[in-house]
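The residues making up each chain are set out below.
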There are 2 protein chains.
Amino acid sequence: MKRDSRLSGVLHVLLHMAQQPGPFTSETLAKAVDTNPVVIRRIMAGLRDLGYVRSEKGHGGGWTLACDLSKVTLRDVYVALGSPALLAMGNRTEAPGCLVEKAVNAALGKAFDDAEALLLARLGEVTLAMLSEDLGRRLGSRKQQGISAHHR
Amino acid sequence: MKRDSRLSGVLHVLLHMAQQPGPFTSETLAKAVDTNPVVIRRIMAGLRDLGYVRSEKGHGGGWTLACDLSKVTLRDVYVALGSPALLAMGNRTEAPGCLVEKAVNAALGKAFDDAEALLLARLGEVTLAMLSEDLGRRLGSRKQQGISAHHR
DNA sequence: CCATCATGTAACATACAAAGTTACATGAAA
DNA sequence: TTTCATGTAACTTTGTATGTTACATGATGG
């Protein structure tokens, strides 16, 4: 199954934005994560709707952070993406008539639900600020560098 | 992302087999789970290789359970399928050079790993025998019924 | 006013994996 | 030797993320 990397991608973008004041055009951000500007607009749309970022058209326009990074968790970002499926596996049929299927769904469903809940809880424990601080530590003495320097 | 239902499907098949002595042809099993005989052979191949089931060709042939149901867990069945991806999401890039990507991967990777570990642990707690017993309870007074009766 | 820049979005193309299907080889039983 | 069943390769279908093109919308600067 093809892996969904939108959460990973949008976090990368947000971290880049947290390193410098901005605004950033979709094209600049696209180069930083090696993708297409339209893809950036696509994954940022939900964040904009929830007020986590702002977008401006025209000269000097682009994307700007519009939230308190210590108040937004990775889970919030995930939800902003539209809460895509977390698990690659699922029950063959939901609401089956067959009792065998029901027994299988009950056992698997419990395991699946527990794993999803744990994942969401973990994502809810990490704020964008914590992520940004971790990045700061990784950058070490090389602070205040631009996007181009972070990317190979 | 398209949902992988092989684990759900193969468990359904195994439970059906546990209800009656067998052997069962791929065609019979395919009808029970509403799919194609080749799909049955495909998802059963790994189980056969690990000795959980046996297959016989020719007249009177088909699939037979060949293991102690109380010794095989849902995790064992999952592994027999080839341990397909559990999570629908993943990091954009493994082993990135970019420090921003590394920070994102570290945070997400931890959450992902924890969720995967929990899911595998849960699957490891449930044996096929437990699943079969649960099915027995669900069937209630309607014991000893054939496959056709279980399926709508 | 208008040329330029940037987002917003629809529409289409591509890539990939699960699931479904067809075809045929292999081997066992009647 | 005919029939039945698995084993497997090859192909088709389907769903979704991702990539791309095209164009509309709106803001800025001259």
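Residues numbered from 1 in each chain as written. Chains lettered and ligands numbered in written order. Predicted model: local features only at pLDDT ≥ 70, side-chain atom pairs only at ≥ 80, totals over all residues. Heavy atoms only, no water.

Engineer: Sorry, what's going on with the nonpolar core here?
Structural biologist: Most often, soluble globular proteins keep nonpolar side chains buried together rather than apart. By size, the foremost hydrophobic cluster in this structure holds 94 residues, and its most contacted members are A:Leu7, A:Leu11, A:Met44, B:Leu7, B:Leu11 and B:Met44. With residues near it in sequence (within four places) discarded, B:Leu7 still touches A:Met89, A:Leu108, B:Leu74, B:Val77, B:Tyr78, B:Leu81 and B:Leu123. (Core = buried A, V, L, I, M, F, W, Y, C linked by side-chain atoms within 4.5 Å. Buried < 20%, exposed > 50% of the residue type's maximum accessible area, 1.4 Å probe, protein only. Contact = heavy atoms within 4.5 Å.)

Engineer: Could you clarify how one ought to interpret the packing of helix H1 (residues 6–19) of chain A against helix H6 (residues 128–139) of chain A in this entry?
Structural biologist: Residues and elements named next belong to chain A. Between H1 and H6, whose axes approach to 10 Å, the crossing angle comes to 70 degrees. Judged on the interaxial angle alone, H6 and H1 are roughly perpendicular. Like other packed secondary-structure pairs, H1 and H6 cross with a definite hand, here right-handed. Here Leu11, Leu14, Leu15, Ala18 and Gln19 of H1 lie close against H6, whose contacting residues are Leu128, Leu131, Ser132, Leu135 and Leu139. (Axes fitted to C-alpha atoms, helices over the stretch in contact; angles between N-to-C directions. Helix = DSSP H or I, 4+ residues; strand = E, 2+ residues; numbered from the N terminus. Parallel < 35°, antiparallel > 145°, perpendicular 65-115°, else oblique. Left-handed = near helix turned anticlockwise from the far one by under 90°.)

Engineer: When you look at the environment of A:Ala129 in this model, what are you seeing that I'm missing?
Structural biologist: All names here are of chain A. Topologically, Ala129 is positioned in helix H6. Ala129 sits 80 residues away from Asp49 along the chain, and the two C-alpha atoms are 20 Å apart. With near-sequence residues (within four places) excluded, Ala129 lies in contact with Leu69 and Ser70.

Engineer: I'm lost on the relation of the copies chain B and chain A in this one. Help?
Structural biologist: Taken together, a rotation about one axis and a shift along it account for how the two chain copies relate. For the match of chain B to chain A, the screw axis carries a shift of 0.0 Å, the RMSD comes to 0.1 Å, and the turn is 180 degrees. Within this description, the copies of the chain are treated as partners about a two-fold rotation axis. (Least-squares fit on C-alpha atoms with pLDDT ≥ 70 in both.)

Engineer: For this particular structure, what's the right way to read the interface of chain B and chain A?
Structural biologist: For interface size, the figure often reported is the accessible area lost on association. The partner chain A presents 52 residues to the 52 residues of chain B that form the contact. Overall, the association of chain B and chain A removes approximately 4900 Å² of surface from exposure, summing both partners, and the carbon and sulfur fraction of that is 71%. Between chain B and chain A we count 2 salt bridges in total. In this structure, A:Arg122 engages B:Asp114 in a salt bridge whose closest nitrogen and oxygen atoms are separated by 2.6 Å. At the boundary of chain B with chain A, the tally comes to 16 residue pairs in polar contact (both at pLDDT 80 or more). (Buried area = accessible area lost by both parts, 1.4 Å probe. Salt bridge = Lys/Arg side-chain N within 4 Å of Asp/Glu carboxyl O. Polar contact = N/O pair within 3.5 Å; in protein donor to acceptor, adjacent residues only side chain to side chain.)

Engineer: I'm lost on the pattern of salt bridges in this one. Help?
Structural biologist: Pairing between side chains becomes possible if they bear opposite charge and their charged atoms approach one another. Counted according to the given criterion, the structure contains 20 salt bridges over all chains. Between A:Arg48 and A:Asp49 there is a salt bridge, with its nearest N and O atoms 3.7 Å apart. Of the charged contacts, one joins B:Arg138 and B:Asp134 as a salt bridge, the two residues approaching to 2.9 Å between their closest N and O atoms. With B:Arg138 and B:Asp134 both in helix H6 (residues 128–139) and 4 residues apart, this pair spans about one turn of that helix. Using a relative accessible area of 33% as the deciding quantity, one classes B:Arg138 as partly exposed. By relative accessible area, B:Asp134 is classed as buried at 18%. The network of salt bridges with common partners includes A:Lys110, A:Asp114, B:Arg122 and B:Glu125.

Engineer: Can you walk me through the pairing of strand E2 (residues 62–65) of chain A in this structure?
Structural biologist: Residues in a regular strand project their side chains so that they alternate between the two faces of the sheet. Of the pairings in the sheet, the one linking strand E1 (residues 53–56) of chain A to E2(A) comprises 4 bridges and is antiparallel in character. Across the sheet, A:Arg54 pairs through a bridge with A:Thr64, a residue of E2(A). (Pairing = 2+ DSSP bridges.)

Engineer: Just to check I follow, could you spell out unusual backbone geometry for this structure?
Structural biologist: With the exception of glycine, the majority of residues adopt a negative phi angle, and the majority of peptide bonds are in the trans configuration. Not every positive phi belongs to a glycine, and A:Asp34 is a case in point at roughly 55 degrees. With respect to the helices, strands and loops of the structure, A:Asp34 is situated in the loop between helix H2 (26–32) and helix H3 (37–49).

Engineer: What am I meant to see in H6(B) here?
Structural biologist: Counting along an α-helix, one turn takes 3.6 residues, and residues three or four places apart therefore face a common direction. All names here are of chain B. With 12 residues, H6 should cover 16 Å at 1.5 Å per step; its first-to-last C-alpha distance of 16 Å lies within 8% of that length. Within H6 the residues assigned to the buried category are Leu128, Ala129, Leu131, Ser132, Asp134, Leu135 and Leu139. Where H6 terminates, the next one or two residues include Gly140, which has phi positive at roughly 60 degrees. (Expected span 1.5 Å × (residues − 1).)

Engineer: Explain the side chain of B:Ser132 here, please?
Structural biologist: For B:Ser132, the position within the fold is in helix H6. Those residues within four positions of B:Ser132 in sequence are excluded, and the remaining contacts are B:Leu15, B:Ala18 and B:Gln19.

Engineer: Help me understand the side chain of B:Ser8 in this model?
Structural biologist: If you trace the backbone, B:Ser8 turns up in helix H1 (residues 6–19). For B:Ser8, a relative accessible area of 1% corresponds to the buried category. If sequence neighbours within four positions are ignored, B:Ser8 has contacts with A:Gly90, A:Asn91, A:Arg92, A:Glu101, A:Val104, A:Asn105 and A:Leu108.

Engineer: Sorry, what's going on with the confidence of the model for chain A here?
Structural biologist: Any region with low pLDDT has predicted coordinates that should not be read closely. Residue and element names in this part refer to chain A. On average, residues of chain A score 91 in pLDDT, and 91% of them reach the 70 mark or higher. By mean pLDDT, the top-scoring element of chain A is helix H4 (residues 74–80) (98), and the lowest-scoring one is helix H7 (residues 147–150) (45). A low-confidence stretch, residues 144–152 stays under pLDDT 50, and its non-local contacts, those more than four residues away or across chains, total 17 contacts. (pLDDT = per-residue confidence, 0-100.)

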